[in-house]
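Examining the three-dimensional arrangement
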Amino acid sequence: MENSTAKPVAKTNGAAVIESRGLSKYYGPFIATEDVTFSVSQGEIVAFLGPNGAGKSTTMKMLTGFLAPSKGESRIAGHLMQEQEERILASQKIGYLPENGPLYNEMTPASFLKYMGSARNLSGSKLQERLDYVCEQCSLNTVWNKAISKLSRGYRQRVGMAHALLHDPEVLILDEPTSGLDPNQVHEVRTLIRNLGKSKTLLLSTHILSEVEAVCDRVLLISSGRLVFDGSVSEMAGTENNLEDRFRELTGNCKV
Ligand SMILES: Nc1ncnc2c1ncn2[C@@H]1O[C@H](COP(=O)(O)OP(=O)(O)OP(=O)(O)O)[C@@H](O)[C@H]1O
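Residues numbered from 1 in each chain as written. Predicted model: local features only at pLDDT ≥ 70, side-chain atom pairs only at ≥ 80, totals over all residues. Heavy atoms only, no water.

1. Let's talk about the side chain of R158
As for its placement among the helices and strands, R158 is situated in helix α5 (residues 153–165). Those residues in contact with R158, other than ones at most four positions away along the chain, are C138, S139, L140, Q185 and E188. (Helix = DSSP H or I, 4+ residues; strand = E, 2+ residues; numbered from the N terminus. Contact = heavy atoms within 4.5 Å.)

Below is the structure:
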């Protein structure tokens, strides 16, 4: 049974592998994020926590170079993500699970992942080895040859996760990895994240507090586009040891 209080021991060696420097995004007069600055060191599992609409996905898209910031910059493994050549170099090192990521509906998980693996220059026995690994780790065996359009939301989410893991990246940026999963699947994905965290650096967005307690070393809390907390899970829980109250306290009155 899952021990919801068991957290991995932080294994950071100090090198920053995810860096957000003043990332801001404006849609006309609307401020989606403002001056979001943080860094994640090698080996950390960090939760990017915040209420709906706080700016988690927007920040992750800017971090990974999928969305141009209005101001600021991001670096992954030292590569400046706002420069195309650097972004291409970094893409081998990052696995990104976007929120509602695009999947090719007419393909099966097998054909989609094989295709994406080839696009990442995997072939032959190495490709097969990675396909076998993600199929098992993401529990896709029963739907491996079924059209993606016929899969439930939870299975589509797992295909997205398999895609993020396929090239064995050192950095994983996962936007709500347990969204749409049933409790058994949530348990499996959390176990997978903990295992991946033994050798990789992870930033995962969520608004589920139990997720933070279950898998993360550290919390970044964003509210109305601004970072309002950066610290350990126990620091956030405070003297009352109540994450939920602190979440409300830290996000309740913050307006951009
Ligand atoms: N293209 C856009 N044009 C205008 N506003 C946008 C656009 N994309 C996002 N926003 C707004 O920016 C804010 C931040 O959105 P974002 O999706 O980053 O939040 P989130 O924290 O990921 O939320 P959730 O937990 O609900 O997924 C929201 O108010 C959203 O409506």
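2. A look at the pattern of salt bridges
As enumerated under the stated definition, the model contains 13 salt bridges in all. As a salt-bridge pair, R218 and E44 come within 2.9 Å of each other at their nearest N and O atoms. In this pair, R218 is assigned in strand β9 (residues 218–223) and E44 in the loop between β2 (30–41) and β3 (45–49), connecting sequence segments 174 residues apart. As far as the burial class goes, R218 and E44 line up, both buried. One continuous salt-bridge network, built from bridges that share partners, spans E44, R218 and D230. (Salt bridge = Lys/Arg side-chain N within 4 Å of Asp/Glu carboxyl O. Buried < 20%, exposed > 50% of the residue type's maximum accessible area, 1.4 Å probe, protein only.)

3. Things to note about the domain arrangement of the protein chain
A common measure of how large an interface is: the accessible area buried when the components associate. Assigned domains of the protein chain: these are domain 1 (1–93 + 171–182 + 199–256) and domain 2 (100–168). Computed from C-alpha coordinates alone, the two centres of domain 1 and domain 2 are separated by 25 Å. Listed per partner, the contact involves 12 residues of domain 1 and nine residues of domain 2. Of the roughly 870 Å² buried between domain 1 and domain 2, counting both surfaces, carbon and sulfur atoms make up 49%. Between the two partners, domain 1 and domain 2, sit one salt bridge. Of the charged contacts in the structure, one is a salt bridge between D168 and K200, with a shortest N-O distance of 2.6 Å. The tally of links between domain 1 and domain 2 comes to five residue pairs in polar contact (both at pLDDT 80 or more). If you tally residues by element for the side of domain 1 that touches domain 2, the top one is strand β7 (residues 171–175), at three residues. For the side of domain 1 that touches domain 2, the class distribution of residues is four nonpolar, five polar and three charged. (Domains from an automatic or database assignment. Buried area = accessible area lost by both parts, 1.4 Å probe. Polar contact = N/O pair within 3.5 Å; in protein donor to acceptor, adjacent residues only side chain to side chain. Nonpolar A, V, L, I, M, F, W, Y, C, P; charged D, E, K, R; others polar.)

4. Side note on the pairing of strand β1 (residues 16–27)
By the bridge criterion, eight bridges tie β1 to β2 in an arrangement that is antiparallel. Paired with L23 across the strands is V36, a residue of β2. Here β1 hands over to β2 after two residues, with G28 in that stretch at a positive phi of 60°. Sheet topology note: the β1/strand β4 (residues 71–76) ladder contains five bridges and is antiparallel. For S24, the partnering residue across the bridge sits in β4 and is K71. (Pairing = 2+ DSSP bridges.)

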